[in-house]
Amino acid sequence: MLFSGGQDSTTSLFWTLRKFKKVYALSFLYGQKHAHEVDLARQIAEEADVEFQLMDTSFIASLAGNSLTDSSVVMDKEVIPGNLPNTFIPGRNLFFLSIATVFARERGVSDLVTGVSQTDYSGYPDCRDSFIKSLNVTLNLAMEEQFVIYTPLMWLDKTETWALADELGIFNLIRSRTMTCYNGLPADGCGECPACKLRQRGLENYLALKNKK
């Protein structure tokens, strides 16, 4: 499974552990400014007794400018409907899933998991269900195999993702040790970037619903 150490991928990791006996967690160094997320991912994977692999895909940062890999680009603070935010990294999920599929094939694995969501996807086209399904077909054709890409969060918003984390028994882990923040701060993050706002809004909604029960 693709594992960044963020809220979505960590929730997906524990979903995967419930479904499969053997899990490999793949993280990527793609030139991100806040590579501390890899350290958090490694720690979480090791504590969950999951084999952790780090892939060097730093070439991605040299292909196109964006605010997650280029310090000279000022990050968009709001997501404008219809516009791609400058936190979008062209081809990132395409590269990640393609590499993960080769990794899986060499180990006799046919199941892949990624924590992308079309419900809360910030306008990123490579988080959409249509892209995942299309790529799944392409990868199967490219390697003459029958891979299955699972997306457990595809139709969940952040409120529902928090609920799933709670149901999986990892609510406190997600809240205190994962990193979603575009400014590289773990847990509640900076509170100002789009990722933090989305995460916090979902958390507040979930806690409000939980307190009503």
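No experiment lies behind these values; they were computed from the predicted model shown.

Enquirer: I'd like a rundown of helix α1 (residues 7-19), residues and numbers included.
Expert: Here α1 contains 13 residues, and its C-alpha end-to-end distance of 19 Å stays within 8% of the 18 Å for a straight helix at 1.5 Å per residue. Buried residues of α1: Q7, D8, S9, T10, T11, S12, L13, F14 and T16, and no others. Next to the buried residues of α1 lie α2 (36-47), β3 (111-113), α5 (158-167), α6 (171-177) and α7 (194-212).

Enquirer: Hey, could you go over the environment of T11 for me, with residue numbers and the actual values?
Expert: Along the polypeptide, T11 turns up in helix α1. Classification of T11 as buried rests on a relative accessible area of 0%. Considered as a pair, T11 and A165 are 154 residues apart in the sequence and their alpha carbons are 5.7 Å apart. Aside from chain neighbours lying at most four places away, what touches T11 is L153, T161, L164, A165, L168, I170 and I174.

Enquirer: Hey, could you go over the layout of surface pockets for me, with residue numbers and the actual values?
Expert: Taken as a whole, the largest pocket encloses approximately 240 Å³ of empty space. In terms of lining residues, the largest pocket is bounded by 15 residues, among which M1, K22, Y24, V109 and D111 are the most central. At the level of secondary structure, the elements contributing two or more residues to the lining of the largest pocket comprise β1 (24-29), α3 (92-105) and β3.

Enquirer: How would you summarise the nonpolar core if you had to cite specific residues and measurements?
Expert: If you look at soluble globular proteins, the nonpolar side chains tend to sit buried side by side. The biggest cluster of nonpolar side chains holds 33 residues, and the ones touching the most others in it are L26, F28, L97, I132, Y182 and C193. For this core, the secondary structure elements donating two or more residues are β1, α3, α4 (129-143) and α7. Apart from residues lying up to four places away in sequence, C193 is in contact with M75, C181, Y182 and N183. Counting residues in each nonpolar core, the second largest holds 26 residues, with A25, A48, W162 and F171 among its members.

Enquirer: Describe in detail the packing of α1 against α5, supporting the description with residues and values.
Expert: Between α1 and α5, whose axes approach to 10 Å, the crossing angle comes to 45°. By the criterion of interaxial angle, the relationship of α1 to α5 is oblique. Handedness of the crossing formed by α1 with α5: left-handed. The residues of α5 that touch α1, namely those facing Q7, D8, T11 and R18, are K158, T161, W162, L164, A165 and E167.

Enquirer: Describe in detail unusual backbone geometry, supporting the description with residues and values.
Expert: It is generally the case that most residues other than glycine have a negative phi and that most peptide bonds are trans. Backbone geometry places E144, a non-glycine residue, at a positive phi of 55°. Although it is not a glycine, A187 adopts a positive phi angle of roughly 60°. Within the secondary structure, A187 is located in the loop between α6 and α7.

Procedures and definitions
Residues numbered from 1 in each chain as written. Predicted model: local features only at pLDDT ≥ 70, side-chain atom pairs only at ≥ 80, totals over all residues. Heavy atoms only, no water. Helix = DSSP H or I, 4+ residues; strand = E, 2+ residues; numbered from the N terminus. Expected span 1.5 Å × (residues − 1). Buried < 20%, exposed > 50% of the residue type's maximum accessible area, 1.4 Å probe, protein only. Contact = heavy atoms within 4.5 Å. 1 Å grid on protein atoms, 1.4 Å probe; cavity = no way out; pocket = protein on both sides within 12 Å on 5 of 7 lines; lining within 4 Å. Points joined across faces, edges and corners; volume = space filled by probe spheres on them. Core = buried A, V, L, I, M, F, W, Y, C linked by side-chain atoms within 4.5 Å. Axes fitted to C-alpha atoms, helices over the stretch in contact; angles between N-to-C directions. Parallel < 35°, antiparallel > 145°, perpendicular 65-115°, else oblique. Left-handed = near helix turned anticlockwise from the far one by under 90°.

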